[in-house]
Structures are given as structure tokens and as C-alpha cells.
Amino acid sequence: MPVVGKGVEEIRIRTQDAYRVFYIAKFEEAIYVLHVFQKKTQKTSQKDIEQGQQRYQNLLQQRREQP
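Residues numbered from 1 in each chain as written. Predicted model: local features only at pLDDT ≥ 70, side-chain atom pairs only at ≥ 80, totals over all residues. Heavy atoms only, no water.

Participant: Honestly, the sheet that holds strand E2 (residues 18–24) in this entry has me stumped. Any pointers?
Facilitator: Sheet strands pair by backbone hydrogen bonding; their relative direction is either parallel or antiparallel. The sheet built from three strands is open, its strands ordered E1-E2-E3 with antiparallel pairing. Looking along the sheet, the strands with just one partner apiece sit at the ends: strand E1 (8–14) and strand E3 (32–39). Going from strand to strand, the sheet's axes swing by 20° on average, the running direction of each strand aside. Of the strand pairs in this sheet, E1 and E2 are connected by seven bridges, and their pairing is antiparallel. From the neighbouring strand, Ile 11 faces E2, where its bridge partner is Val 21. Across the sheet, helix H1 (residues 46–65) is in contact with E1, E2 and E3; its angle to E3 comes to roughly 170°. (Pairing = 2+ DSSP bridges. Helix = DSSP H or I, 4+ residues; strand = E, 2+ residues; numbered from the N terminus. Axes fitted to C-alpha atoms, helices over the stretch in contact; angles between N-to-C directions. Contact = heavy atoms within 4.5 Å.)

Structure representation (C-alpha cells):
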């Protein structure tokens, strides 16, 4: 999901409903789950994309601030 951030991937889970997981696994210390949500339409909502983008930016900021 490059629209969310560089290196962000998406897992699609399909049951009777559809779910998505945005995560990033490019850092050595952890896999970070940025956003998990249930999809109700074919297109991913702008709100969910923005939520993932904000959490991605927050993660990058936290990593810059750590010694």
C-alpha cells in the first residue's frame, strides 16, 4: 500500500465480511500493525487510508526520536 507509506503492505481477509490489515515489516526490531478495519465497499475509504498514513508518520517520528 504505497499510498499509505513506503514499505506498507496489506493483508486481505475474506470471510462473510472483508477485513484489511495495513502493516510494515521493514524494520529489524518489529512488525508494526498500522490499521485494521472491516471493509463495507469495494473501495478502501479515504478515512482508512488517512488513518494508516497518520500512524505511519507517527511511527517514523517515534523512531527518529529514539536514541
